[in-house]
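# Remarks on the overall topology
So you can see what is in the structure, the chains are spelled out below.
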Amino acid sequence: MEISRCSCSLCVFASKRAGVLAQLAAAEAEPPEPGVLFHRGDLRGYAATSLTLLADRFPQETLDAVTDGLSATSGPASFPVAATALRLAFTKPGPAEPNNLPEFDEQAERQQRLIRTLGSLDTDTWRWANFCEIVRAWGLPRQREAMRRYAGMPEE
């Protein structure tokens, strides 16, 4: 009995989406030099935004790729990646005040990983009011030290 690959349009589409996920995840981790300044040359931010289109089918892989990309950003380049990662991890904004947050260990592992990644970003990133507002909109601590405390990370 010969087993052949299915060539129905749904299976072909799904396999192409997996290939797109792999390409975007690679661009998220190490963006290539842009040949054309699309998305103002911010290919990591563009890849993160594009990955959201695959989140329904590959939720964990998408968030992992965006979180990995976030860990390699700094300053304003982190804004679109952080916003995308938060949207993927939490799906809807959190409580208005961080003191209403659940305990860190009550968060899902994917959320914990993102919170630790946010807490590990450099002080240059956290000095931007835009970044702090992105984080605050999701109900998380808007200061780096508070985020690190929430995640149980050591002080620096």
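Just so we're clear, the structure is a prediction, and the values are computed from it rather than from any experiment.

### Some words on the pattern of salt bridges
- What the rule picks out here adds up to seven salt bridges.
- Arg 144 serves as the salt-bridge partner of Glu 156, at 2.7 Å between the closest nitrogen and oxygen. Here the residue Glu 156 occupies a position in the segment after helix H8 (144–150), and Arg 144 occupies one in helix H8, the gap between them amounting to 12 residues.
- Residue class for Glu 156 comes out exposed when judged on its relative accessible area of 74%.
- Accessibility expressed as a relative area gives 9% for Arg 144, which makes it buried.

### Description of the nonpolar core
- Counting 29 residues, the largest nonpolar core has Leu 118 and Leu 140 as its most contacted members.
- For this core, the elements supplying multiple residues, two or more each, are helix H3 (59–71), helix H4 (78–90), helix H5 (109–120), helix H7 (129–136) and H8.
- The biggest single contributor to this core is H4, with eight residues.
- Discounting residues that sit within four places of it in the chain, Leu 118 has contacts with Leu 70, Ala 82, Leu 86, Trp 126, Phe 131, Leu 140 and Met 147.

### As for the packing of H4 against H7
- At a minimum axis distance of 10 Å, the contact between H4 and H7 shows a crossing angle of 5°. The orientation of H4 with respect to H7, classified from their angle, is roughly parallel. Across from Ser 78, Phe 79, Ala 82, Ala 83 and Leu 86 in H4, the residues of H7 making contact are Asn 130, Phe 131, Ile 134 and Val 135.
- Here the residues of the contact of H4 with H7 sort into seven nonpolar, two polar and no charged.

### Things to note about H3
- Taking 1.5 Å of rise per residue, the 13 residues of H3 would be expected to cover 18 Å, and the 18 Å separating its terminal C-alpha atoms lies within 8% of that figure.
- Taken together, the buried positions of H3 are Thr 62, Leu 63, Ala 65, Val 66, Thr 67, Gly 69 and Leu 70.

### What to know about the packing of aromatic side chains
- In the structure shown here, the tally under the stated rule is three aromatic pairs.
- Their ring planes at 85° and their centres at 5.7 Å tell us that Phe 104 and Tyr 150 sit as a pair that is edge-to-face. Of the two residues, Phe 104 is situated in the loop between H4 and H5 and Tyr 150 in helix H8; the sequence distance between them amounts to 46 residues.
- In this structure Phe 104 comes out as buried when scored by relative accessible area, which is 13%.
- Judged by its relative accessible area of 17%, Tyr 150 falls in the buried class.
- Ring centres of Trp 126 and Phe 131 lie 4.9 Å apart, and the angle between their planes is 80°; this geometry places the pair in the edge-to-face category. Like Trp 126, the residue Phe 131 is buried in the burial classification.

Conventions and cut-offs
- Position labels on residues start from 1 in each chain and follow its written sequence.
- Side-chain atom pairs in this predicted model are given and counted only at pLDDT of 80 or more, local residue features only at pLDDT of at least 70, and totals for whole chains, interfaces and linings cover all residues.
- Remark: hydrogens and water are excluded; side-chain values derive from all non-hydrogen atoms of the structure.
- A pairing counts as a salt bridge when a side-chain nitrogen of Lys or Arg comes within 4 Å of a carboxyl oxygen of Asp or Glu.
- Counting from the N terminus, the helices are the DSSP runs of H or I reaching at least four residues and the strands are the DSSP runs of E reaching at least two.
- Each residue's exposure class comes from its accessible area (1.4 Å probe, protein chains only) as a fraction of the maximum for that residue type: buried when under 20%, exposed when over 50%, partly exposed otherwise.
- As used here, the term nonpolar core means buried Ala, Val, Leu, Ile, Met, Phe, Trp, Tyr and Cys residues forming a set that is joined through side-chain atoms within 4.5 Å.
- The contact criterion used throughout is that any non-hydrogen atoms of two residues lie within 4.5 Å.
- Helix axes are fitted only over the stretch in contact, all axes being lines through C-alpha atoms; the angle between N-to-C directions runs from 0 to 180 degrees.
- Angles below 35 degrees are treated as roughly parallel, those above 145 as roughly antiparallel, those between 65 and 115 as roughly perpendicular, and all remaining angles as oblique.
- Lys, Arg, Asp and Glu make up the charged group, whereas Ala, Val, Leu, Ile, Met, Phe, Trp, Tyr, Cys and Pro make up the nonpolar group; the residues left over, Gly among them, are polar.
- One fewer than the residue count of a helix, multiplied by 1.5 Å, yields its expected span.
- Aromatic contacts are taken between Phe, Tyr and Trp rings whose centres are within 6.5 Å, Trp giving its six-membered ring; a plane angle under 30 degrees counts as stacked, one over 60 as edge-to-face, and the others as tilted.

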